[in-house]
Amino acid sequence: MNKISRRKFVTAGLAATAGMSGVAVAATLAKRYGLIPPDSGGIYGPGETLTYAAQRLLTRHSLAREFPRSMISKAPFANEIAPFNDAFKHHQSSGFAEWRLSVDGMVARPASLSMSDLRSFPVRNQITEVVCEEGWSYIAEWIGAPLHEVLNAAGILPQARYVVYFSVEPDWWESIDMADALHPQTLLTYAMNGGDLPVSFGGPLRLRVPRQLGYKSVKFITRLTATDSLKRFGKGLGSASPEGGYAWYAGI
Ligand SMILES: Nc1nc2c(c(=O)[nH]1)N[C@H]1C(S)=C(S)[C@@H](COP(=O)(O)O)O[C@H]1N2
Ligand SMILES: [Mo]
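Residue numbers here run from 1 along each chain, matching the order of that chain's written sequence. The naming scheme follows written order: chains are lettered A onward, ligands numbered 1 onward. In keeping with the predicted nature of the model, local features appear solely for residues at pLDDT of at least 70, side-chain atom pairs appear and are counted solely at 80 or more, and the whole-chain, interface and lining totals rest on all residues. Note that the side-chain values use all heavy atoms of the structure and ignore hydrogens as well as water.

We now examine the packing of aromatic side chains. Two rings from Phe, Tyr or Trp (for Trp, the six-membered ring) form a pair when their centres are within 6.5 Å of each other. A pair whose planes differ by under 30 degrees is stacked, one over 60 is edge-to-face, and the rest are tilted. A complete count under the given rule lists 14 aromatic pairs for this structure. Between Phe84 and Phe220 the ring centres are 5.0 Å apart and the planes differ by 90°, which places this aromatic pair in the edge-to-face class. Here Phe84 is found in the loop between helix H3 (45-59) and helix H4 (86-93), whereas its partner Phe220 is found in the loop between strand E9 (206-208) and strand E10 (221-227), with 136 residues between them in sequence. For each residue, the accessible area found with a 1.4 Å probe, counting protein chains only, is set against the maximum for its type, and the residue is called buried under 20%, exposed over 50%, and partly exposed in between. Exposure remark for Phe220: the relative accessible area of 0% places this residue in the buried category. Linked through ring pairs, Phe84, Phe88, Phe96, Trp99 and Phe220 together constitute an aromatic cluster. Per the convention used, a helix needs a DSSP run of H or I reaching at least four residues, while a strand needs a run of E reaching at least two, with both numbered from the N terminus.

Listed below in C-alpha coordinates is the structure:
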(Lines give C-alpha, C1' and ligand atoms only; values in the text may rest on other atoms or scores of the structure.)
(Ligands and ions follow the chains in the order given, each with its own letter.)
Protein backbone atom coordinates (compact mmCIF):
# COMPACT_ATOMS: atom_id res chain seq x y z
CA MET A 1 0.00 0.00 0.00
CA ASN A 2 1.50 3.35 -1.00
CA LYS A 3 1.36 6.38 1.23
CA ILE A 4 -1.63 8.07 -0.39
CA SER A 5 -3.98 5.14 -0.59
CA ARG A 6 -3.01 4.26 2.94
CA ARG A 7 -3.99 7.72 4.07
CA LYS A 8 -7.31 7.37 2.25
CA PHE A 9 -7.82 4.04 3.95
CA VAL A 10 -7.12 5.56 7.34
CA THR A 11 -9.46 8.50 6.68
CA ALA A 12 -12.26 6.18 5.56
CA GLY A 13 -11.74 4.03 8.61
CA LEU A 14 -11.74 7.02 10.91
CA ALA A 15 -14.92 8.32 9.37
CA ALA A 16 -16.56 4.94 9.80
CA THR A 17 -15.51 4.50 13.41
CA ALA A 18 -16.45 8.09 14.24
CA GLY A 19 -19.85 7.29 12.75
CA MET A 20 -19.52 9.91 10.03
CA SER A 21 -23.08 9.93 8.83
CA GLY A 22 -24.75 10.84 5.57
CA VAL A 23 -25.66 14.13 7.19
CA ALA A 24 -22.01 15.04 7.70
CA VAL A 25 -21.19 14.10 4.11
CA ALA A 26 -24.12 16.22 2.95
CA ALA A 27 -22.89 19.12 5.08
CA THR A 28 -19.49 18.91 3.38
CA LEU A 29 -21.21 18.99 -0.01
CA ALA A 30 -23.45 21.87 1.05
CA LYS A 31 -20.40 23.85 2.08
CA ARG A 32 -18.72 23.26 -1.26
CA TYR A 33 -21.80 24.67 -3.06
CA GLY A 34 -22.21 27.62 -0.66
CA LEU A 35 -25.51 26.20 0.63
CA ILE A 36 -25.11 26.57 4.37
CA PRO A 37 -28.15 28.42 5.77
CA PRO A 38 -27.50 31.28 8.23
CA ASP A 39 -29.11 29.31 11.09
CA SER A 40 -26.88 26.26 10.62
CA GLY A 41 -25.72 26.22 14.26
CA GLY A 42 -27.38 24.49 17.21
CA ILE A 43 -29.11 21.14 17.46
CA TYR A 44 -31.37 21.67 14.44
CA GLY A 45 -28.48 23.02 12.33
CA PRO A 46 -27.55 19.81 10.47
CA GLY A 47 -31.20 19.24 9.58
CA GLU A 48 -31.57 22.81 8.37
CA THR A 49 -28.47 22.47 6.22
CA LEU A 50 -29.69 19.20 4.76
CA THR A 51 -33.16 20.57 3.94
CA TYR A 52 -31.92 23.79 2.41
CA ALA A 53 -29.01 22.31 0.45
CA ALA A 54 -31.09 19.40 -0.87
CA GLN A 55 -33.93 21.65 -2.02
CA ARG A 56 -31.57 24.11 -3.66
CA LEU A 57 -29.50 21.42 -5.40
CA LEU A 58 -32.54 19.51 -6.66
CA THR A 59 -35.39 21.99 -7.08
CA ARG A 60 -33.84 25.44 -7.37
CA HIS A 61 -36.21 26.48 -10.18
CA SER A 62 -39.35 24.65 -9.08
CA LEU A 63 -42.64 26.53 -9.13
CA ALA A 64 -45.07 26.92 -6.24
CA ARG A 65 -48.39 25.28 -7.09
CA GLU A 66 -50.84 27.67 -8.72
CA PHE A 67 -54.58 27.11 -8.42
CA PRO A 68 -57.56 27.77 -10.67
CA ARG A 69 -59.61 30.88 -9.97
CA SER A 70 -62.48 28.70 -8.71
CA MET A 71 -60.31 27.62 -5.78
CA ILE A 72 -59.70 31.11 -4.38
CA SER A 73 -60.79 30.99 -0.72
CA LYS A 74 -64.12 32.68 -0.07
CA ALA A 75 -63.05 33.81 3.39
CA PRO A 76 -59.25 34.13 3.50
CA PHE A 77 -57.91 34.26 7.01
CA ALA A 78 -55.89 37.31 8.02
CA ASN A 79 -53.54 36.51 10.83
CA GLU A 80 -53.79 38.76 13.87
CA ILE A 81 -51.82 41.96 13.40
CA ALA A 82 -50.60 44.48 15.91
CA PRO A 83 -52.62 47.69 16.33
CA PHE A 84 -51.10 50.37 14.16
CA ASN A 85 -49.32 53.47 15.31
CA ASP A 86 -50.18 57.03 14.26
CA ALA A 87 -47.58 57.10 11.49
CA PHE A 88 -49.21 54.10 9.83
CA LYS A 89 -52.70 55.54 10.28
CA HIS A 90 -51.49 58.71 8.59
CA HIS A 91 -50.26 56.66 5.60
CA GLN A 92 -53.57 54.86 5.51
CA SER A 93 -55.65 58.05 5.53
CA SER A 94 -53.63 59.49 2.65
CA GLY A 95 -54.07 56.37 0.56
CA PHE A 96 -50.39 55.41 1.05
CA ALA A 97 -49.32 58.26 -1.26
CA GLU A 98 -46.20 58.81 0.86
CA TRP A 99 -45.33 55.14 1.37
CA ARG A 100 -41.84 54.35 0.13
CA LEU A 101 -39.90 51.18 -0.50
CA SER A 102 -36.21 51.79 -0.18
CA VAL A 103 -33.97 49.53 -2.25
CA ASP A 104 -30.35 49.65 -1.12
CA GLY A 105 -27.25 47.63 -0.27
CA MET A 106 -25.44 45.84 -3.08
CA VAL A 107 -27.17 47.65 -5.93
CA ALA A 108 -25.68 50.07 -8.44
CA ARG A 109 -28.65 52.48 -8.22
CA PRO A 110 -30.28 52.65 -4.77
CA ALA A 111 -33.87 53.81 -5.04
CA SER A 112 -36.82 55.00 -3.01
CA LEU A 113 -39.97 53.79 -4.76
CA SER A 114 -43.50 55.06 -4.29
CA MET A 115 -46.51 52.82 -4.78
CA SER A 116 -47.06 54.36 -8.21
CA ASP A 117 -43.41 53.68 -9.12
CA LEU A 118 -44.03 50.04 -8.17
CA ARG A 119 -47.19 49.93 -10.26
CA SER A 120 -45.18 51.00 -13.31
CA PHE A 121 -43.22 47.71 -13.29
CA PRO A 122 -44.57 44.75 -15.27
CA VAL A 123 -47.61 43.36 -13.46
CA ARG A 124 -47.72 39.67 -12.61
CA ASN A 125 -50.29 37.63 -10.76
CA GLN A 126 -50.31 34.22 -9.15
CA ILE A 127 -53.04 32.24 -7.40
CA THR A 128 -51.17 30.54 -4.57
CA GLU A 129 -51.64 29.33 -1.06
CA VAL A 130 -50.51 31.09 2.11
CA VAL A 131 -49.52 28.33 4.51
CA CYS A 132 -49.02 29.18 8.16
CA GLU A 133 -46.73 27.08 10.35
CA GLU A 134 -49.57 27.07 12.88
CA GLY A 135 -51.66 24.89 10.62
CA TRP A 136 -54.03 26.94 8.48
CA SER A 137 -53.93 28.10 4.91
CA TYR A 138 -55.91 29.91 2.23
CA ILE A 139 -55.70 30.47 -1.50
CA ALA A 140 -55.72 33.96 -3.00
CA GLU A 141 -54.70 35.79 -6.11
CA TRP A 142 -51.68 38.00 -5.57
CA ILE A 143 -50.86 40.84 -7.94
CA GLY A 144 -47.72 42.93 -8.07
CA ALA A 145 -44.26 43.58 -9.44
CA PRO A 146 -41.83 40.66 -9.68
CA LEU A 147 -39.03 41.27 -7.21
CA HIS A 148 -36.45 40.44 -9.91
CA GLU A 149 -37.72 43.35 -12.05
CA VAL A 150 -37.22 45.77 -9.16
CA LEU A 151 -33.80 44.33 -8.31
CA ASN A 152 -32.67 44.49 -11.93
CA ALA A 153 -33.85 48.09 -12.27
CA ALA A 154 -31.76 48.92 -9.19
CA GLY A 155 -28.77 47.16 -10.77
CA ILE A 156 -28.28 44.33 -8.31
CA LEU A 157 -24.58 43.47 -8.10
CA PRO A 158 -23.32 39.95 -8.86
CA GLN A 159 -21.83 39.65 -5.36
CA ALA A 160 -25.30 39.88 -3.77
CA ARG A 161 -26.33 36.54 -2.23
CA TYR A 162 -29.40 37.48 -0.21
CA VAL A 163 -32.16 40.05 -0.09
CA VAL A 164 -33.16 41.18 3.41
CA TYR A 165 -36.56 42.85 3.77
CA PHE A 166 -38.07 44.90 6.55
CA SER A 167 -41.57 45.83 7.69
CA VAL A 168 -42.89 48.83 9.58
CA GLU A 169 -43.29 46.24 12.32
CA PRO A 170 -39.74 46.03 13.69
CA ASP A 171 -40.12 42.40 14.77
CA TRP A 172 -40.85 41.32 11.23
CA TRP A 173 -37.85 41.10 8.98
CA GLU A 174 -36.77 38.24 6.77
CA SER A 175 -34.29 37.34 4.09
CA ILE A 176 -34.21 35.05 1.08
CA ASP A 177 -31.43 33.78 -1.14
CA MET A 178 -31.07 34.82 -4.78
CA ALA A 179 -32.86 31.66 -5.97
CA ASP A 180 -36.02 32.97 -4.30
CA ALA A 181 -35.30 36.68 -4.85
CA LEU A 182 -35.02 36.18 -8.63
CA HIS A 183 -37.76 33.54 -8.80
CA PRO A 184 -40.62 34.47 -11.18
CA GLN A 185 -43.31 33.90 -8.50
CA THR A 186 -41.70 36.15 -5.87
CA LEU A 187 -43.78 39.32 -6.08
CA LEU A 188 -43.94 42.69 -4.38
CA THR A 189 -47.71 42.60 -4.08
CA TYR A 190 -49.98 45.63 -3.85
CA ALA A 191 -53.24 43.97 -4.92
CA MET A 192 -55.14 40.83 -3.98
CA ASN A 193 -58.16 39.10 -5.52
CA GLY A 194 -58.65 42.01 -7.91
CA GLY A 195 -58.66 44.91 -5.41
CA ASP A 196 -55.99 46.87 -3.56
CA LEU A 197 -54.17 44.76 -0.99
CA PRO A 198 -56.13 45.23 2.26
CA VAL A 199 -54.14 46.35 5.29
CA SER A 200 -55.12 43.16 7.13
CA PHE A 201 -53.34 41.18 4.41
CA GLY A 202 -50.24 43.39 4.41
CA GLY A 203 -51.24 46.44 2.40
CA PRO A 204 -49.99 48.58 0.93
CA LEU A 205 -47.07 46.30 0.14
CA ARG A 206 -46.24 42.71 0.95
CA LEU A 207 -43.52 40.46 -0.40
CA ARG A 208 -45.09 37.14 -1.45
CA VAL A 209 -42.62 34.25 -1.39
CA PRO A 210 -44.98 31.38 -2.29
CA ARG A 211 -42.33 28.63 -2.19
CA GLN A 212 -41.96 29.16 1.55
CA LEU A 213 -44.22 29.19 4.62
CA GLY A 214 -46.42 32.22 5.31
CA TYR A 215 -44.02 33.87 7.73
CA LYS A 216 -41.59 34.64 4.89
CA SER A 217 -44.33 36.74 3.22
CA VAL A 218 -43.79 39.83 5.33
CA LYS A 219 -46.46 42.54 5.40
CA PHE A 220 -46.03 46.35 5.23
CA ILE A 221 -42.65 46.27 3.51
CA THR A 222 -40.60 49.48 3.64
CA ARG A 223 -37.07 48.41 2.80
CA LEU A 224 -35.13 45.83 0.81
CA THR A 225 -31.40 45.48 1.01
CA ALA A 226 -29.12 43.26 -1.06
CA THR A 227 -26.16 41.76 0.77
CA ASP A 228 -23.43 39.15 0.48
CA SER A 229 -23.65 38.25 4.19
CA LEU A 230 -26.42 37.96 6.77
CA LYS A 231 -24.02 38.23 9.71
CA ARG A 232 -24.61 41.90 10.39
CA PHE A 233 -28.42 41.71 10.57
CA GLY A 234 -29.98 41.07 13.96
CA LYS A 235 -28.32 38.10 15.64
CA GLY A 236 -26.82 36.99 12.34
CA LEU A 237 -29.23 34.08 11.85
CA GLY A 238 -30.72 35.50 8.65
CA SER A 239 -34.04 36.78 9.95
CA ALA A 240 -36.33 37.20 12.94
CA SER A 241 -37.71 33.65 12.58
CA PRO A 242 -34.68 31.67 13.77
CA GLU A 243 -34.30 34.14 16.64
CA GLY A 244 -37.76 32.94 17.72
CA GLY A 245 -37.13 29.25 17.12
CA TYR A 246 -38.34 28.88 13.53
CA ALA A 247 -36.29 27.91 10.50
CA TRP A 248 -34.75 30.56 8.26
CA TYR A 249 -35.44 28.40 5.23
CA ALA A 250 -39.12 27.43 5.23
CA GLY A 251 -39.52 25.76 1.83
CA ILE A 252 -42.83 24.01 1.20
N1 LIG B 1 -45.48 42.37 9.19
C2 LIG B 1 -45.97 41.14 9.42
N3 LIG B 1 -45.87 40.20 8.45
C4 LIG B 1 -46.36 38.94 8.66
C5 LIG B 1 -46.93 38.58 9.90
C6 LIG B 1 -47.05 39.59 10.90
O7 LIG B 1 -47.60 39.38 12.00
N8 LIG B 1 -46.57 40.86 10.62
N9 LIG B 1 -47.34 37.26 10.12
C10 LIG B 1 -46.71 36.26 9.26
C11 LIG B 1 -47.24 34.91 9.38
S12 LIG B 1 -46.69 33.97 10.69
C13 LIG B 1 -48.05 34.37 8.44
S14 LIG B 1 -48.53 32.77 8.48
C15 LIG B 1 -48.60 35.24 7.37
C16 LIG B 1 -50.10 35.30 7.55
O17 LIG B 1 -50.69 35.92 6.43
P18 LIG B 1 -52.21 36.32 6.41
O19 LIG B 1 -52.47 37.31 7.50
O20 LIG B 1 -52.44 36.86 5.05
O21 LIG B 1 -53.03 35.07 6.67
O22 LIG B 1 -48.09 36.55 7.35
C23 LIG B 1 -46.75 36.68 7.80
N24 LIG B 1 -46.29 38.05 7.65
MO1 LIG C 1 -47.65 31.98 10.43
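Once that is clear, we can look at the sheet that holds strand E2 (residues 111-114). Spatial ordering of the open sheet is given by E2-E1-E10-E5-E6, a layout of 5 strands whose pairing is mixed. Among the strands making up the open sheet, the edge pair consists of E2 and strand E6 (173-177). For this sheet the average axis-to-axis angle between neighbouring strands, irrespective of direction, equals 20°. In this description, strands pair whenever DSSP reports at least two bridges between them. In the sheet, strand E1 (residues 100-105) pairs with E2 via 4 bridges, with the strands oriented antiparallel. Angular values range over 0 to 180 degrees, each being the angle between N-to-C directions of two axes fitted as lines to C-alpha atoms, with helices fitted over their stretch in contact.

We call a residue near a given molecule or strand whenever any one of its heavy atoms falls within 4 Å of it. Of all residues adjacent to ligand 1, which total 19 residues, the nearest are Phe77, Asn79, Tyr138, Glu169 and Lys219. Think of a polar contact as two N or O atoms within 3.5 Å of one another; within protein, one of them needs to be a possible hydrogen donor and the other a possible acceptor, and neighboring residues in sequence only count if both atoms come from side chains. Between ligand 1 and Asn79, the relevant distance is 2.7 Å, taken from an oxygen atom to a main-chain nitrogen or oxygen of the residue. Ser217 is positioned such that a nitrogen or oxygen atom in its backbone is 3.0 Å from a nitrogen atom of ligand 1. All accessible-area figures derive from a Shrake-Rupley calculation using a 1.4 Å probe, and residue coverage is judged against the displayed protein chains alone. Across the complex, the protein chains shield 96% of the 530 Å² of accessible surface that ligand 1 would expose by itself. In terms of residue class, the shell around ligand 1 is made up of 11 nonpolar, 4 polar and 4 charged. Amino acids are sorted into nonpolar (Ala, Val, Leu, Ile, Met, Phe, Trp, Tyr, Cys and Pro), charged (Asp, Glu, Lys and Arg) and polar (every other residue, Gly among them).

Below, the discussion takes up the side chain of Thr128. Relative to the helices and strands, Thr128 resides in strand E3 (residues 124-131). Take Thr128: its relative accessible area is 1%, and that puts it in the buried class. Here Gln126 takes part through its side chain, which lies 2.4 Å from a polar atom of the side chain of Thr128. What makes two residues a contact is simply this: any of their non-hydrogen atoms within 4.5 Å. Ignoring anything within four residues of it in the chain, the contact list for Thr128 reads Arg65, Glu66, Phe67, Tyr138, Ile139, Ala140, Trp142, Arg208 and Pro210.

Attention now moves to the domain arrangement of the protein chain. Domain limits in this description derive from either an automatic procedure or a database domain assignment. Segmentation of the protein chain into domains returns domain 1 (6-59) and domain 2 (69-243). The C-alpha centroid of domain 2 is placed 32 Å from the C-alpha centroid of domain 1. With 7 residues of domain 1 at the contact, the number on the domain 2 side is 12 residues. Between domain 1 and domain 2, a total of about 580 Å² is buried, with carbon and sulfur atoms accounting for 39% of that surface. Taken as a group, Pro38, Asp39 and Arg56 account for 70% of the area that domain 1 buries against domain 2, more than any other trio of residues on that side. Here, a salt bridge means any Lys or Arg side-chain nitrogen found within 4 Å of an Asp or Glu carboxyl oxygen. Between Arg56 and Asp177 there is a salt bridge, with the nearest N and O atoms lying 2.6 Å from each other. The interface formed by domain 1 and domain 2 holds 5 residue pairs in polar contact (both at pLDDT 80 or more) in total. Its residues placed into classes, the side of domain 1 that touches domain 2 shows 3 nonpolar, 2 polar and 2 charged. Using a 1.4 Å probe, buried area is obtained as the accessible area two parts lose upon being combined, added over both of them.

Attention now moves to the pattern of salt bridges. A complete count under the given rule lists 8 salt bridges for this structure. The salt bridge involving Glu174 is made with Lys216; its shortest N-O contact spans 2.6 Å. Remark: Lys216 occurs in the loop between E9 and E10 and Glu174 occurs in strand E6; sequence separation between them is 42 residues. With respect to class, Glu174 is no different from Lys216; both count as buried.

Turning our attention to the environment of Gly45. Here Gly45 is to be found in helix H3. Judged by relative accessible area, which is 0%, Gly45 ranks as buried.

Time to look at the pairing of E6. Both faces of the sheet carry side chains from a regular strand, because those side chains alternate between them. Most of E6 is tucked away: 5 of the 5 residues are buried. The two faces of E6 match: Trp173, Ser175 and Asp177 on one face and Glu174 and Ile176 on the other face are all buried. Summarising the sheet, strand E5 (residues 162-167) and E6 pair through 5 bridges and their orientation is antiparallel. Considered in E6, the bridge of Val164 is made with Ser175. Connecting E5 to the next strand, E6, in antiparallel fashion are 5 residues.

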